[in-house]
Amino acid sequence: MKHLLNHPLIASRYFFPGGRSPASELVVPVAGAELACSVHRVDPEGFTVVHFHGNGEVVADWQGVWDRVINALGWDLFLAEYRGYGGSTGEPLLGLMLDDVTAVIEAAGPPERIVVMGRSVGSFFALEAVKRFPTIAGMILESAIADPLERLLIRVTPDEVDATDDDWRELEQQLDHRVKISDYTGPTLLLHTRVDGLVDVSHAERLARWAGGPATLRIFESGNHNSILAENWDQYLTEVTGFLGRIRADRS
């Protein structure tokens, strides 16, 4: 099953690696690669947001903006990088990228004091994080993907990767976001725009229905997949601020 997740055709057609290195770098060693992550701390003994960015983005894109927002709330920010992206080494092979989540969370701090945030394809890794670390304090999913295979099948067919029926069933189990979010009992905040032309709003609606813990779904009427934050800045930050504040109050 892992050989399918790591098939180079998936890597070449689905992921968009490259980009510049972060201004400040925390190297996280993983199997066969080093991830050029970045950490922005205001309280080493406090709470941390671990941010998994979208496809075609890198950690450096979020420095100077999201770190200031999160740090102003009294939270540390850990910006996770992927293999082949930014200053990281390696190739963006999905199976290995999912495995890398373990090292990222362990580098960020105790799961009980972490909120994971996944934007777009970053939802793959946020959901993998709560699967591997079910005591994570909370999860924020922005423009998230409910059905990864639906997205992969847009660009790769089972025949092209020589997948048998059994291989594909195993792949479905590994990428089953319904199971991952249903098994997670912590709070989840879902943010999506109604006019997202890349990931339909129905993905967020499905994830909200499937959530095993308390879920808040906020659908914005403005913005698209890539402008959701910019065009809904105040409302977006109100949702994130309230969510993180409730977690801090519950966990302190």
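Please refer to the structure higher up on the page.
First, a word on scope: everything that follows refers to the structure included in this document. Everything quoted here is computed from the prediction, not taken from an experiment. (Residues numbered from 1 in each chain as written. Predicted model: local features only at pLDDT ≥ 70, side-chain atom pairs only at ≥ 80, totals over all residues. Heavy atoms only, no water.)

1. A look at the environment of Thr188
- Within the element layout of this structure, Thr188 appears in strand 7 (residues 188–193).
- Once residues lying within four places of it in the same chain are set aside, the contact partners of Thr188 are Met139, Leu141, Ile181, Pro214, Ala215, Thr216 and Phe243. (Helix = DSSP H or I, 4+ residues; strand = E, 2+ residues; numbered from the N terminus. Contact = heavy atoms within 4.5 Å.)

2. Focus: the packing of helix 4 (residues 94–108) against helix 5 (residues 122–132)
- Packing of helix 4 against helix 5 leaves a shortest axis separation of 9 Å and a crossing angle of 60°. Between helix 4 and helix 5, the crossing angle belongs to the class labelled oblique. Seen from above, helix 4 lies across helix 5 with right-handed handedness. The segment helix 4 lies against helix 5, with Leu94, Met97, Leu98, Asp99, Val101, Thr102 and Ile105 engaging Phe124, Phe125, Glu128, Ala129 and Arg132.
- Class assignment for the residues of the contact of helix 4 with helix 5 results in eight nonpolar, one polar and three charged. (Axes fitted to C-alpha atoms, helices over the stretch in contact; angles between N-to-C directions. Parallel < 35°, antiparallel > 145°, perpendicular 65-115°, else oblique. Left-handed = near helix turned anticlockwise from the far one by under 90°. Nonpolar A, V, L, I, M, F, W, Y, C, P; charged D, E, K, R; others polar.)

3. Re the sheet that holds strand 3 (residues 48–52)
- In spatial order, the strands read 1-2-4-3-5-6-7-8; together these eight strands make up an open sheet with mixed pairing. With one partner strand each, in any of the chains shown, strand 1 (26–30) and strand 8 (215–220) form the two edges of the open sheet. For this sheet, the mean angle separating the axes of adjacent strands, direction not counted, is 20°.
- Pairing of strand 6 (residues 138–142) with strand 7 involves four bridges; the strand directions are parallel. Its bridge partner being in strand 7, Leu141 is matched across the sheet by Leu190.
- Of the strands in this sheet, strand 3, strand 5 (114–119) and strand 6 touch helix 5, which is tilted by about 150° from strand 5. (Pairing = 2+ DSSP bridges.)

4. As for the pairing of strand 4 (residues 76–80)
- Across the five residues of strand 4, five count as buried, placing the element largely inside the fold.
- In strand 4, alternate side chains face the same way, and those of Asp76, Phe78 and Ala80 on one face and Leu77 and Leu79 on the other are all buried.
- Where strand 2 (residues 33–40) lies against strand 4, three bridges are found, and the strand directions are antiparallel. Looking across to strand 4, one finds that His40 is bridged to Leu77.
- In the sheet, strand 3 pairs with strand 4 via five bridges, with the strands oriented parallel. Each residue of the ladder has a partner; that of Val50, found in strand 4, is Phe78. (Buried < 20%, exposed > 50% of the residue type's maximum accessible area, 1.4 Å probe, protein only.)

5. Some thoughts on the packing of aromatic side chains
- Under the definition given, this model contains 10 aromatic pairs.
- Positioned above the aromatic ring of Phe47 is the side chain of Arg113, whose terminal nitrogen or guanidinium carbon lies 4.1 Å from the ring centre. (Phe/Tyr/Trp six-rings, centres within 6.5 Å; stacked < 30°, edge-to-face > 60°. Lys NZ or Arg CZ within 6 Å of the ring centre and 35° of its normal.)

6. Some details on unusual backbone geometry
- Even without being a glycine, Ser120 presents a positive backbone phi close to 55°.
- Of note, Ser120 is situated in the loop between strand 5 and helix 5.
- Non-glycine residue Asp162 carries a positive phi angle of around 55°.
- Relative to the elements of secondary structure, Asp162 occurs in the loop between helix 6 (148–152) and helix 7 (165–174).

7. Here we look at the pattern of salt bridges
- Tallied over the entire structure, the rule returns 12 salt bridges.
- Taking the shortest distance from any N to any O, the salt bridge between Glu128 and Arg132 comes out at 2.7 Å. Of the two residues, Glu128 and Arg132 are both situated in helix 5; the distance of four residues between them amounts to about one turn of the helix.
- Overall, the relative accessible area of 30% leaves Arg132 in the partly exposed class.
- Two residues, Glu239 and Arg218, come together in a salt bridge whose shortest N-O distance is 3.1 Å. Remark: Arg218 occurs in strand 8 and Glu239 occurs in helix 11 (residues 233–251); sequence separation between them is 21 residues.
- Accessibility expressed as a relative area gives 26% for Arg218, which makes it partly exposed.
- Several salt bridges converge on common partners, so that one network encompasses Asp99, Glu128, Arg132 and Lys180. (Salt bridge = Lys/Arg side-chain N within 4 Å of Asp/Glu carboxyl O.)

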